[in-house]
Amino acid sequence: MDRGHRATHLPTFDLADGAPHTLWVDYTAATGTLAVYLARDPGGAKPAEPVMTFAVNLSALVGTQAYVGFSAATGGLTNNHEILNLNFGAQ
């Protein structure tokens, strides 16, 4: 089963500007759609359009139980990658 790289997005603003940014990852099981939204401002309004979408059946991919994790990289540079708030909820 392929669980590798799916997509990338290069935002129109600098993610390494030292300010927090807001990201949403929405999954809609009924349509099998995972959508990613990104806002420059912390606590900003969720954009109307996602920066990327995927067709994926998460239930078939992970089963009834899954672990969630995040990773980040900068190459040879130094940067902080912090999750300040995380919410899970049914949609």
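What counts as what
Residues numbered from 1 in each chain as written. Predicted model: local features only at pLDDT ≥ 70, side-chain atom pairs only at ≥ 80, totals over all residues. Heavy atoms only, no water. Pairing = 2+ DSSP bridges. Helix = DSSP H or I, 4+ residues; strand = E, 2+ residues; numbered from the N terminus. Axes fitted to C-alpha atoms, helices over the stretch in contact; angles between N-to-C directions. Salt bridge = Lys/Arg side-chain N within 4 Å of Asp/Glu carboxyl O. Buried < 20%, exposed > 50% of the residue type's maximum accessible area, 1.4 Å probe, protein only. Phe/Tyr/Trp six-rings, centres within 6.5 Å; stacked < 30°, edge-to-face > 60°. Lys NZ or Arg CZ within 6 Å of the ring centre and 35° of its normal. Polar contact = N/O pair within 3.5 Å; in protein donor to acceptor, adjacent residues only side chain to side chain. Contact = heavy atoms within 4.5 Å.

Engineer: Can you break down the sheet that holds strand E2 (residues 33-39) residue by residue, with the values?
Structural biologist: Strand order across the open sheet formed by three strands is E1-E2-E3, with antiparallel pairing between neighbours. Each edge of the sheet is formed by a strand with only one pairing partner; in this case those strands are strand E1 (22-28) and strand E3 (52-55). When strand polarity is set aside, the average angle formed by the axes of neighbouring strands in this sheet is 15 degrees. Looking at chain direction, E1 and E2 are connected through seven bridges and run antiparallel. Considered in E2, the bridge of Val25 is made with Val36.

Engineer: How would you sum up the pattern of salt bridges? Please name residues and give values.
Structural biologist: One pass over the structure, following the stated rule, counts one salt bridge. With a shortest N-O distance of 2.2 Å, Lys46 and Asp26 are connected by a salt bridge. Of this pair, Lys46 sits in the loop between E2 and E3 while Asp26 sits in strand E1, and the two are 20 residues apart along the sequence. A residue is classified by how much of its surface remains accessible, and Asp26, at 16% relative accessible area, is buried.

Engineer: A description of the packing of aromatic side chains should follow, citing residues and the corresponding values.
Structural biologist: Across all of its chains, the model carries zero aromatic pairs by this definition. Residue placement shows Lys46 over the ring face of Tyr37; its charged tip is 4.5 Å from the ring centre.

Engineer: Quick rundown of the side chain of Thr22? Include the residues and the values.
Structural biologist: Relative to the helices and strands, Thr22 is located in strand E1. Accessibility expressed as a relative area gives 17% for Thr22, which makes it buried. Separated by 3.2 Å, the side chain of Thr22 and the backbone oxygen of Asp41 make a polar contact. Among all residues touching Thr22, those that are not within four sequence positions of it are Tyr37, Leu38, Ala39, Asp41, Pro42, Gly43 and Gly44.

Engineer: I'd like to hear about the environment of Thr78, residue by residue, with values.
Structural biologist: With respect to the helices and strands, Thr78 occurs in the segment after helix H1 (58-62). The class for Thr78 is exposed, based on a relative accessible area of 80%. For Thr78 and Ala16, which are 62 residues apart along the polypeptide, the C-alpha to C-alpha distance reads 9.9 Å.

Engineer: Account for the environment of Leu38, with residues named and values stated.
Structural biologist: By the element assignment, Leu38 lies in strand E2. Taking the relative accessible area as the measure of exposure, Leu38 reaches 16% and is therefore buried. For the pair Leu38 and Leu23, spaced 15 residues apart in sequence, the C-alpha separation works out to 4.6 Å. Filtering out sequence-adjacent residues up to four positions away, Leu38 remains in contact with His9, Pro11, Phe13, Leu15, Thr22, Leu23, Trp24, Pro47 and Val51.

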